[in-house]
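The lines below spell out each chain.
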Amino acid sequence: MKKIEIITRTFKLDEVKTALAGIGVKGMTVGEVKGFGRQGGHKEVYRGAEYQVDFVPKIKIDVVVEDDFAAQVVEAARKAAHTGQVGDGKIFVSTVDEVIRIRTGETGEEAI
Amino acid sequence: MKKIEIITRTFKLDEVKTALAGIGVKGMTVGEVKGFGRQGGHKEVYRGAEYQVDFVPKIKIDVVVEDDFAAQVVEAARKAAHTGQVGDGKIFVSTVDEVIRIRTGETGEEAI
Amino acid sequence: MKKIEIITRTFKLDEVKTALAGIGVKGMTVGEVKGFGRQGGHKEVYRGAEYQVDFVPKIKIDVVVEDDFAAQVVEAARKAAHTGQVGDGKIFVSTVDEVIRIRTGETGEEAI
Amino acid sequence: MNFIDNAFILICAALVMFMTPGLALFYGGLVRSKNVLATIMQSFIMLGLVSLLWAVVGYTLAFGTDIGGLIGGLDFAFLEGVGMDNAGSPAENLPHLTFMIFQCMFAVITPALISGAFAERMKFPGFLVFSALWLLLVYAPMCHWVWGGGWLGEMGALDFAGGAVVHMSSGAAALCCAILIGKRKGYGSQAFIPHNLPMTILGAGILWFGWFGFNAGSALAADGLAASAFVATHLATAAAAMSWIVAEWVHGGKPTTLGAASGAVAGLVAITPAAGFVSPMAAIVLGLGAGVICYGAIILKNKLGYDDALDVVGIHGVGGTYGALATGVLATIGAEGLILGNGHQLWVQFVSVVATWGFCFAMTYVIFKVVDATVGLKADDAAQDKGMDIAEHSETGYQW
Amino acid sequence: MNFIDNAFILICAALVMFMTPGLALFYGGLVRSKNVLATIMQSFIMLGLVSLLWAVVGYTLAFGTDIGGLIGGLDFAFLEGVGMDNAGSPAENLPHLTFMIFQCMFAVITPALISGAFAERMKFPGFLVFSALWLLLVYAPMCHWVWGGGWLGEMGALDFAGGAVVHMSSGAAALCCAILIGKRKGYGSQAFIPHNLPMTILGAGILWFGWFGFNAGSALAADGLAASAFVATHLATAAAAMSWIVAEWVHGGKPTTLGAASGAVAGLVAITPAAGFVSPMAAIVLGLGAGVICYGAIILKNKLGYDDALDVVGIHGVGGTYGALATGVLATIGAEGLILGNGHQLWVQFVSVVATWGFCFAMTYVIFKVVDATVGLKADDAAQDKGMDIAEHSETGYQW
Amino acid sequence: MNFIDNAFILICAALVMFMTPGLALFYGGLVRSKNVLATIMQSFIMLGLVSLLWAVVGYTLAFGTDIGGLIGGLDFAFLEGVGMDNAGSPAENLPHLTFMIFQCMFAVITPALISGAFAERMKFPGFLVFSALWLLLVYAPMCHWVWGGGWLGEMGALDFAGGAVVHMSSGAAALCCAILIGKRKGYGSQAFIPHNLPMTILGAGILWFGWFGFNAGSALAADGLAASAFVATHLATAAAAMSWIVAEWVHGGKPTTLGAASGAVAGLVAITPAAGFVSPMAAIVLGLGAGVICYGAIILKNKLGYDDALDVVGIHGVGGTYGALATGVLATIGAEGLILGNGHQLWVQFVSVVATWGFCFAMTYVIFKVVDATVGLKADDAAQDKGMDIAEHSETGYQW
Ligand SMILES: Nc1ncnc2c1ncn2[C@@H]1O[C@H](COP(=O)(O)OP(=O)(O)O)[C@@H](O)[C@H]1O
Ligand SMILES: Nc1ncnc2c1ncn2[C@@H]1O[C@H](COP(=O)(O)OP(=O)(O)O)[C@@H](O)[C@H]1O
Ligand SMILES: Nc1ncnc2c1ncn2[C@@H]1O[C@H](COP(=O)(O)OP(=O)(O)O)[C@@H](O)[C@H]1O
């Protein structure tokens, strides 16, 4: 199975979720993160002191899917998350050896 | 070495931690996440406008352990996190190439 | 490509970021986590009742880089995050099968 | 001069001042966290901007020598002749300065109320200019018409503490602004969920507390009338908090904390014009209606689809209008409403409602268009995505 | 009628009203974030529910014409005859409405205090019914007994501002409820850690501020006695905040912020019955004791093991009891306590303590059982896991 | 005795008391979240510690029979002879207890103000000892000099509500402490960004509200002068909030919420010595200057590089000094400043500034050194990394 990590803009969460659910993804796990990249950060000013805040808020979505479904998920996520502006984020795909559903004890693709 | 990611209910954190510590796990890293899955979300109502909140709060526990300890950790986590209700969560197991302990510079299984 | 996960002390974020940027890392993703390990937690006291809080706040930095850059990144992160005290954290290295840049659709090392 | 009344009104003025930070929190908790500071700022800075304008020229436009029933003359510009004694004071029992500063606090909160309508998408410089013009061109005349010797007061319109001057005026302006500025980016597709409801409840608590200064203080004396207005205020608010949560409960949901807070504010708004004219039991009746009606107004808005982000129209516009009309029905103290057989009062109230909505909507329209065309008002999509806190103020509300 | 006193008591009434949102925040910060709104709501909504009940029938049960020393008659039902002048007013110097609304604010906060005992596991509909019954069947009689011409007051029991009426009564009810409702899911195995202590401190600050209205206002006049009660309140509170943190420090921990806030509330509670009867130095002594004793009561609770979630028993029950007895010892102003050789007063205080605990505990028991059997009170485990905010109100306190 | 004034000053005392929790929040929001409770505690606990010290000996040192213009005698130790009537009261129109407790609230907030300078790195036990000594050895004498019959007051120095006694004294102490304690770990390399600005704004709102008690109450009567001081306070604050955000806007940044809040506090500080002596328009001028000057002082600090964490020097030290001098220029009510041709007043103000800074800085230096050498003051690096909340209080502000 493959784990697909999608780093995207916070306001894209709904669109990506809808897109993935649309092609049949049944579950995902989302976390709040801060990203550093080409997009650059922004300036904040407190009582005249400027701070360069390099980190911008992003959302990280983890989805684990069957091997041969992965490409489709990546494509759907990419499209939904795309704005074309710097800072759109990245998708990382890696291999998962085993998946277990806690409720039933099922393993492998059944458990996804 | 294996990385075991456990997605579980927030109130199961203590039980899972205790179970893992009980079989000899020495460290873990925990994050707050929101999960989307079969469990479904809940309705929130603000001034008469209803919102379907698809995401429920979950806890994600990352544990990295030696290869041949992994099965035992998975089993202990599964048992501790189990309630039998939809939404119990998932366990993902994947391979880690290298581990380094920052304090000592040790690598591999020593570093876990 | 390799994914390098760095678990470090919260106040080390800036130093690690600067060190990595210094050797040419172009992007990274950071999350707030809580760690459990040898460092132990601390006691909290509320109205005379004591609670053992086992988890200490940590920062998790994810960086994905080209295979042959990984060792250098690990070394730079280790140095920057090092204090020599228990609780410095860990670095986990694993393999990433594919990377996609959402903005451009580029894949592989170009996308990092 | 009466020093008891002076003591009472000075404390009441402090209470009314405290309402503006209260409103800032009430509104601040309702927006998304990336807009919390910008939202708070649009209330808080009114304490600065409006107070200065009021001292320089606003007060005299409202309370200077009447010119044709429409506006005050410039006799008190720069607070000339507004002193420690009661010389020239519209309230003979009070030092002129006391009367002026009590009124100042009303002027401060009114434009702050409007800001809920265009929350999460208004640029700050334009907001300042808009608010300054609105204060001088809408609030000051309205205030003059009702309390400063102008035509509405002369006609016999009852407005004890500002149903028309404060709430209908800001509600009408809010409707106009919400329509003109357009929707927030993502409206209809994204969920706009309050980011911090305890902050909103705290704001509601402060508003309730401060409103005693607003309504009881509007008796301008520490007498039995002040006690009566105090009691009416409290009971109407209590009733509206209850009827709102019952309404949402019956309507198929659950009773909510935000509903209780919103109902309370709706009750405070609706009792404002009536506070000194109605009996305690009439206040309860009035409040019960306020909770249900304002709840209904917000349900309706969700269907009409204009983006009045924090429901200024539904609460202040509708609540203020309802309260003004209800005053014409329920008045029994120092005035006679429909229940005492005086249908004329209801007619007068109706005229004042129409005049207020018409005048305020139209003037707001003109001011908005002018400021939009010159300084610019709406933040672009990129700024909205970033959040107004970073975009307009280079700050963020919270850090981890 | 005295307009100075009217001005003073109206402002005091506003201050006491503000205590209830303050309590909402004080309690709200102490629970887990998934229960913050439900907890806040159980205080806030009392401003609605109790105020209405009070106007309709509560006030007359407490202050109507005495019937056998036990309860007031229905003469003031629906506030009939409660007007802008002092006709019929228990306080001759005040408009009857002023006296009524000042008392209303006390009635509002008392059932809100109880809610800390069953926090994080009480269903909302049952809570409303329980609170309504409790107000009419426990609070109103207690209030009548002490201040309305009932037997406790007649007997000579000293209770300046509500040690028995407000704090012992809610403390006894809290103990009864905590035992009857049982523990929160996870009690003993999970850690119940306050989710937002700055919110709790803010609440404590508001309580301290508002309590000046509570205690100094209970002089019912702006005289030297009000000043004395004000000073006693402040110094006892200061002393208890200090003695609590010293107690926890010595007891082997560290001085904590929550300890300072809790000590302050304990001091406010304990000085309440005594405020107008003791000298400043006696108030300090009383306060020093309050911090240590209430701290000890909470340590004890942790051993006894009933789940009084937010320590209402330890602070209001124990603090109120201690304060009532201490009044019997330390009274020197307008009354004579043990230190002036009058052992009888301590005996009277003791009787009032026993009567209050007995009556309130027993009545609460009956009310609880009846409501539990009909409407239902305890949230099931699934709801507790989800959090009461979602389960009961379909809301969450905070969004990211 | 005047009961109107008694009512007014008791309420004002409550308002001033509320400022200390307000300050706790103002400061608490500005630090990093791991230090929020420790910071709040350093304000909140002053309500405990200082109030007790004040009753025991502080009040008499400030207001006891004058000894050589330098300090008060011990006649009022343990509040001996401080009673419900006006016997011995420095304000004949007020019960002695009323005067004492009003002054107590000023004493409470002053050492709390200093704590902003050494925020995020001060150990709690040392802090308590330092504050106690500072109160008795710096505040009490300062208060005596200005208001208790001491030499500064005799000399004719104008300080209506505490520009020297409260703000310059704490500002001078803050500078001394910031230099002596040294920088926070990470100063210069890490960013110290406020963790919760809505909390800071709330604090600023409470401060503004309470300050009406501070300044108008300092008239010690509910007369026209109180009204005048009230108005001056409000307008100067409004002006300073505006001029601060304009200054930062022009200076190349953006107008910020923290700027508006900081400007408001700067205005409140600067108008404090002048409140009862200046006209409304002069107050606006004074406030406009305050916002710009204090903003400039903070920009300067960022260059000088001492770590006055929350800008106590820039706001209270500089703002208080500026206000004292501006009073010497702008006074026209009950005193004559430079604009009425009286250059002498400015000279007297200048002397009082120099004396206050010199005395307070020097005494603070000695106290700091003694406490540091005995009890210890600075938290070590490990504790700073962990956060002072865990390190000193075993608590954390927020839980998820
Ligand atoms: N090498 C990387 N490893 C991990 N996360 C990365 C990496 N590069 C970028 N990111 C994440 O992707 C986000 C977007 O990257 P950025 O360079 O700003 O824009 P773009 O994706 O358009 O090239 C960053 O904020 C960061 O969270
Ligand atoms: N394919 C998936 N990838 C990542 N996370 C998942 C996936 N499926 C489920 N999850 C996580 O597991 C949680 C529980 O899943 P759910 O389908 O609700 O119940 P169950 O685990 O009992 O089948 C979800 O809330 C989500 O966080
Ligand atoms: N086996 C593990 N799996 C995942 N995270 C771990 C593991 N061991 C330690 N960690 C993380 O590393 C942090 C530091 O570990 P700890 O044992 O306290 O000190 P050290 O790294 O100095 O040995 C922990 O707080 C935890 O977040």
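Procedures and definitions
- Residues numbered from 1 in each chain as written.
- Chains lettered and ligands numbered in written order.
- Predicted model: local features only at pLDDT ≥ 70, side-chain atom pairs only at ≥ 80, totals over all residues.
- Heavy atoms only, no water.
- Contact = heavy atoms within 4.5 Å.
- Buried area = accessible area lost by both parts, 1.4 Å probe.
- Salt bridge = Lys/Arg side-chain N within 4 Å of Asp/Glu carboxyl O.
- Polar contact = N/O pair within 3.5 Å; in protein donor to acceptor, adjacent residues only side chain to side chain.
- Helix = DSSP H or I, 4+ residues; strand = E, 2+ residues; numbered from the N terminus.
- Nonpolar A, V, L, I, M, F, W, Y, C, P; charged D, E, K, R; others polar.
- Buried < 20%, exposed > 50% of the residue type's maximum accessible area, 1.4 Å probe, protein only.
- Pairing = 2+ DSSP bridges.

## Topic: the interface of chain F and chain E
No. 1: Each partner contributes residues to the interface: chain F has 53 residues there, and chain E has 48 residues.
No. 2: Summed over both partners, the interface of chain F with chain E comes to about 4,000 Å²; 83% of that surface belongs to carbon and sulfur atoms.
No. 3: Taken together, chain F and chain E are joined by 0 salt bridges.
No. 4: Remark: the boundary between chain F and chain E carries 9 residue pairs in polar contact (both at pLDDT 80 or more).
No. 5: Elements that contribute at least two residues to the side of chain F that touches chain E include exactly α1 (3–28), α2 (36–44), α3 (46–63), α4 (96–114), α5 (124–147), α8 (197–216) and α15 (388–393) of chain F.
No. 6: With 13 residues, the top contributor of residues to the side of chain F that touches chain E is α1 of chain F.
No. 7: Its residues assigned to classes, the side of chain F that touches chain E shows 42 nonpolar, 9 polar and 2 charged.

## Looking at the environment of Asp 85 of chain D
Residue and element names in this part refer to chain D.
No. 1: Along the chain, the position of Asp 85 falls in the loop between β2 (71–72) and α4 (96–114).
No. 2: A sequence separation of 84 residues divides Asp 85 from Met 1, and the C-alpha atoms of the two residues are 7.6 Å apart.
No. 3: For Asp 85, the side chain forms a polar contact with the main-chain nitrogen of Ala 87, separated by 3.2 Å.

## Overview of the pairing of strand β5 (residues 56–65) of chain B
Residue and element names in this part refer to chain B.
No. 1: Of all 10 residues in β5, 9 are buried; the element is thus mostly enclosed.
No. 2: Pairing of strand β2 (residues 28–36) with β5 involves 7 bridges; the strand directions are antiparallel. Each bridged residue has a counterpart across the sheet, and for Gly 31 the counterpart in β5 is Lys 60.

## Here we look at unusual backbone geometry
Backbone geometry follows two general trends: most residues other than glycine have a negative phi, and most peptide bonds adopt the trans configuration.
No. 1: A positive phi is found at Phe 78 of chain D, a non-glycine position, where the angle reads about 55°.
No. 2: Tracing the sequence through the fold places Phe 78 of chain D in the loop between β2 and α4.
No. 3: The partly exposed category is assigned to Phe 78 of chain D, whose relative accessible area is 48%.
No. 4: Even without a glycine there, the phi angle at Ser 394 of chain F is positive, about 55°.
No. 5: Relative to the assigned elements, Ser 394 of chain F resides in the segment after α15.
No. 6: Accessibility expressed as a relative area gives 5% for Ser 394 of chain F, which makes it buried.

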